[in-house]
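Survey of secondary and tertiary structure
Spelled out, the chains give:
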Amino acid sequence: MPANGSAGTYDYIIVGAGSAGCVLANRLTASGRNRVLLLEAGGPDRNIWIHIPLGYGKLFNNAKVNWLYKTEPEPELNNRQIIQPRGKVLGGSSSINGLLYIRGQHEDFDHWRQLGNAGWSFKDVLPYFRRAEDQERGADEMHGTGGHLKVSDVCEPHVLCEAFIKATQEAGFPRNDDFNGPTQEGVGYFQLTSRNGRRWSTAVGYLKEARRRQNLRVETDALATRVLFSGRRAIGVEYRQGETTHTAYAGGEVILSGGAFNSPQLLQISGVGPASLLRQHGIDVIVDMPGVGSDLQDHLQIRMQYRCTEPITMNDVINDWRHRYAAGLRYLLTRKGLLTIGAGYAGAFLKTRPDLATPDVQLHFLIFSADAAGAALHPFPGFIVSVCQLRPESRGFVHIKSRDPRVAPAIQPRYLTSRADCDTVVEGLHLIRRIMDKPVMRRYIDEEIAPGNKCQSDADLLAYARDTGTTVYHPTSTCRMGPDQNAVVDERLRVRGFERLRVIDASIMPTVASGNTNAATVMIGEKGSDMVLEDAKKSAPLAMSA
Ligand SMILES: Cc1cc2nc3c(=O)[nH]c(=O)nc-3n(C[C@H](O)[C@H](O)[C@H](O)COP(=O)(O)OP(=O)(O)OC[C@H]3O[C@@H](n4cnc5c(N)ncnc54)[C@H](O)[C@@H]3O)c2cc1C
């Protein structure tokens, strides 16, 4: 039996030190007044590969920093189980992600507002994106400097990326040197959350500074196992560290920032979720909330693989010890070169049909090839272009499989269950072929390895997507914000029907942002922290007079 211990009383308890949790830990402790407890199930971010951008490839299978989730068999992907890596370490997924800095489209946030979420239009959230940002290129209307999240250009152009950019332009699309500028549409280089060749996770950017403050306590290897309630008021959290179970109390609020899989899991285990599911696992139902864990969205990516005519890809560097040594030395001496690259080098946001208002697909251009994420690179020159549909209609769920918080929940994104998603993916694959067929790109293509020339019809391409499609790691919306009955949090991120309980992480997105999701989650952390502090100010006179 685990021993029990009291871990004291705080103003705020934050569960999860990920992209959003680290922002909150910083902002809520900044005044020096609030006592904050930050619980993180993983450990410190000491693994060297966390801090070297290219090292993200080494973290896919590392259980010390990664929850290593996978989906249930996906019915529309031939019952394949899809990997779902999630950071389990200080910084959360911002410590293991691909570093691409993409906010999403202005229209995403205007849509959130249109769904009934006051305060979340693009005009409303832009100040938070700017406040978070330390943009290497300097400040302007769209960008900020001096923030905690450093954003930088790739260190140098690459000949293959140049060809891809030119070919995309020749296919009729504009060049775009700032995907986070006035418009997302076009082709260009990605920017990264890094500086001087080092990853800029939220643990590095926000938590490091906050940890110098006396009023923040950080507990690592601390798995929150239950939110404690008095009626409909959250009063604390039970957590397990090794064999010991601790109880910590919050005089102010309990804030869940465990991410799109773990926040709904913790709510369900604590008695807040679909009643039938909870009863099935012998959990006392506090409130029947079918929305907790529903509406899971994710970006499915389909990769096309090419054998390159010239030994200019990352495969050629990594597979030859002399080149590898030279790249390592260059990185050590100059902080430049291949080790500074994230999950994509160049990319594009394109419309599969000219009549669309905004891009509906994102292309990632990678200067290496491998059979799967994190797998050994091919022993020949190769590169990958992948497509993902930006606004999937398919919706899935996260449901506990056990009342034991150590047991992974059932994760079922239900990829490609919507006809529109299938059509967009097929159009996206045709689009890649159109670009690859431009002479400026074709000269670098020895062969399309996958899907290959035999795969031509729409049906073939869809079958290829079902056979090989995988996540691009953007699960969201499982504790969706909204004004409707099924929404889990309101527009101030308070769990509906409860006091002193919020969810602040990627799970609250009403719909997945059109792009990579870290920047939007950091923005949610920034905006959410202001809401917590504003609401505390409003209730302070009441508390004093009570
Ligand atoms: C492999 C990979 C590549 C990606 N690439 C990119 C990219 O290039 N660009 C981009 O913008 N986005 C990318 N993303 C997505 C992005 O990183 C996430 O959307 C974002 O980090 C989510 O932030 P979050 O705060 O919601 O959750 P997380 O950052 O995952 O944080 C949740 C934290 O809570 C902790 N936790 C969970 N449950 C508990 C519990 N019960 N008790 C205590 N602690 C708990 C977890 O260990 C974790 O540290 C990628 C993600 C992955 C996994």
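What counts, and at which threshold
- Residues numbered from 1 in each chain as written.
- Predicted model: local features only at pLDDT ≥ 70, side-chain atom pairs only at ≥ 80, totals over all residues.
- Heavy atoms only, no water.
- Helix = DSSP H or I, 4+ residues; strand = E, 2+ residues; numbered from the N terminus.
- Rg over C-alpha atoms; globule rule 2.2 N^0.38 Å.
- Buried < 20%, exposed > 50% of the residue type's maximum accessible area, 1.4 Å probe, protein only.
- Contact = heavy atoms within 4.5 Å.
- Areas by Shrake-Rupley, 256 points an atom, 1.4 Å probe, with all protein chains shown as cover.
- Lys, Arg positive; Asp, Glu negative; His and termini not counted.
- Charge placed at Lys NZ, Arg CZ, Asp CG, Glu CD.
- Near = heavy atom within 4 Å.
- Polar contact = N/O pair within 3.5 Å; in protein donor to acceptor, adjacent residues only side chain to side chain.
- Nonpolar A, V, L, I, M, F, W, Y, C, P; charged D, E, K, R; others polar.
- Axes fitted to C-alpha atoms, helices over the stretch in contact; angles between N-to-C directions.
- Parallel < 35°, antiparallel > 145°, perpendicular 65-115°, else oblique.
- Pairing = 2+ DSSP bridges.
- Left-handed = near helix turned anticlockwise from the far one by under 90°.
- Expected span 1.5 Å × (residues − 1).

1. Let's talk about the overall build of the chain
Per the secondary structure count, the chain includes 14 helices and 26 strands. Taken against the 2.2 N^0.38 rule, which gives 24 Å for 546 residues, the C-alpha radius of gyration of the chain at 23 Å falls within 12% of a compact globule. With the C-alpha coordinates aligned to their principal axes, the bounding extent of the chain is approximately 75 × 50 × 50 Å. Sorting the 546 residues of the chain into buried and exposed places 63% on the buried side. Looking at the chain alone, contacts between residues at least 24 apart form 70% of all its contacts between residues at least 6 apart. Of the accessible surface of the chain, which amounts to about 21,100 Å², a share of 50% is contributed by carbon and sulfur atoms. Averaging the coordinates of the 64 positive side-chain charges in the chain and doing the same for the 59 negative ones gives two points 5 Å apart.

2. Here's the deal with the site of the ligand
Close contacts around the ligand come from 38 residues, with S19, E40, S93, T517 and N518 the closest. In this structure, E40 approaches the ligand through a side-chain N or O atom, which is 2.6 Å from an oxygen atom. Between the ligand and the protein, one listed contact pairs an oxygen atom with a backbone N or O atom of L99 at 3.2 Å. Protein coverage of the free-state accessible area of the ligand, which is 1,000 Å², stands at 98%. Elements with a minimum of two residues in the shell around the ligand: helix 1 (19–29), strand 12 (223–230), helix 7 (259–269) and helix 14 (518–545). Class assignment of the residues belonging to the shell around the ligand gives a composition of 16 nonpolar, 18 polar and 4 charged.

3. Regarding the packing of helix 11 (residues 419–436) against helix 13 (residues 458–468)
The geometry of helix 11 relative to helix 13 is characterised by a closest axis approach of 9 Å and an angle of 105° between their N-to-C directions. For the element pair helix 11 / helix 13, the angle class is roughly perpendicular. Contacts between helix 11 and helix 13 involve R419, C422, V425, V426, L429, H430 and R433 on the former and, on the latter, D458, L461, L462, A465 and R466. Of the residues in the contact of helix 11 with helix 13, the class split is 7 nonpolar, 1 polar and 4 charged.

4. Observations regarding the sheet that holds strand 17 (residues 294–296)
The strand order across the open sheet formed by 3 strands is 17-22-23, and the pairing between neighbours is antiparallel. Two strands close off the open sheet at either side, each with one partner strand: strand 17 and strand 23 (410–412). Each neighbouring strand pair of the sheet contributes to a mean axis angle of 35°, computed without reference to strand direction. As paired strands, strand 22 (residues 396–399) and strand 23 are joined by 3 bridges and run antiparallel to one another. Each residue of the ladder has a partner; that of H399, found in strand 23, is A410.

5. Things to note about helix 13
Taken residue by residue, helix 13 has L461, L462, Y464, A465 and R466 as its buried positions. Where the residues of helix 13 are buried, they touch strand 18 (300–308), helix 11 and strand 24 (445–450).

6. As for the pairing of strand 2 (residues 36–39)
Of the two faces of strand 2, the one lined by V36 and L38 and the one lined by L37 and L39 are each fully buried. In this structure, strand 2 lies alongside strand 11 (residues 216–219), joined through 4 bridges in parallel fashion. When the sheet's bridge partners are listed, L37 is paired in strand 11 with R217.

7. Some remarks on the packing of helix 1 against helix 6 (residues 202–210)
It is the contact of helix 1 with helix 6, at a shortest axis distance of 8 Å, that shows an interaxial angle of 25°. Here helix 1 lies roughly parallel to helix 6, going by the angle between them. Where helix 1 crosses over helix 6, the two elements pack in a sense that is left-handed. On helix 6, the residues touching S19, C22, V23, A25, N26, R27 and T29 of helix 1 are T202, A203, Y206, L207, E209 and A210. By residue class, the composition of the contact of helix 1 with helix 6 is 7 nonpolar, 4 polar and 2 charged.

8. Comments concerning the pairing of strand 21 (residues 382–389)
Of all 8 residues in strand 21, 8 are buried, a share of seventy percent or more. Where burial is concerned, the two faces of strand 21 agree: the one with G382, I384, S386 and C388 and the one with F383, V385, V387 and Q389 are both buried. Summarising the sheet, strand 18 and strand 21 pair through 7 bridges and their orientation is antiparallel. In the sheet register, R303 faces strand 21, and the bridge partner there is S386. Relative to strand 21, strand 20 (residues 361–366) runs antiparallel, the two sharing 6 bridges. Bridge pairing in strand 21 places V361 opposite Q389.

9. Section: helix 11
With 18 residues, helix 11 ought to run about 26 Å at 1.5 Å a step, and its terminal C-alpha atoms sit 26 Å apart, in line with that. Within helix 11, the full set of buried residues consists of D421, C422, T424, V425, V426, G428, L429, L431, I432, R433, I435 and M436. Between the side-chain oxygen of the N-cap and the backbone nitrogen of A420 there are 3.2 Å, and the N-cap of helix 11 in question is S418.

10. Re the sheet that holds strand 5 (residues 133–135)
Pairing is mixed across the open sheet formed by 3 strands, whose spatial order is 5-6-8. The open sheet has two free edges, formed respectively by strand 5 and strand 8 (191–192), since each of these has just one partner strand. Judged from the 3 bridges that link them, strand 5 and strand 6 (residues 149–153) form a sheet pairing that is parallel. Paired with E133 across the strands is L149, a residue of strand 6. Across the sheet, helix 4 (residues 122–132) lies against strand 5 and strand 6, angled at about 65° from strand 5, the strand it touches most.

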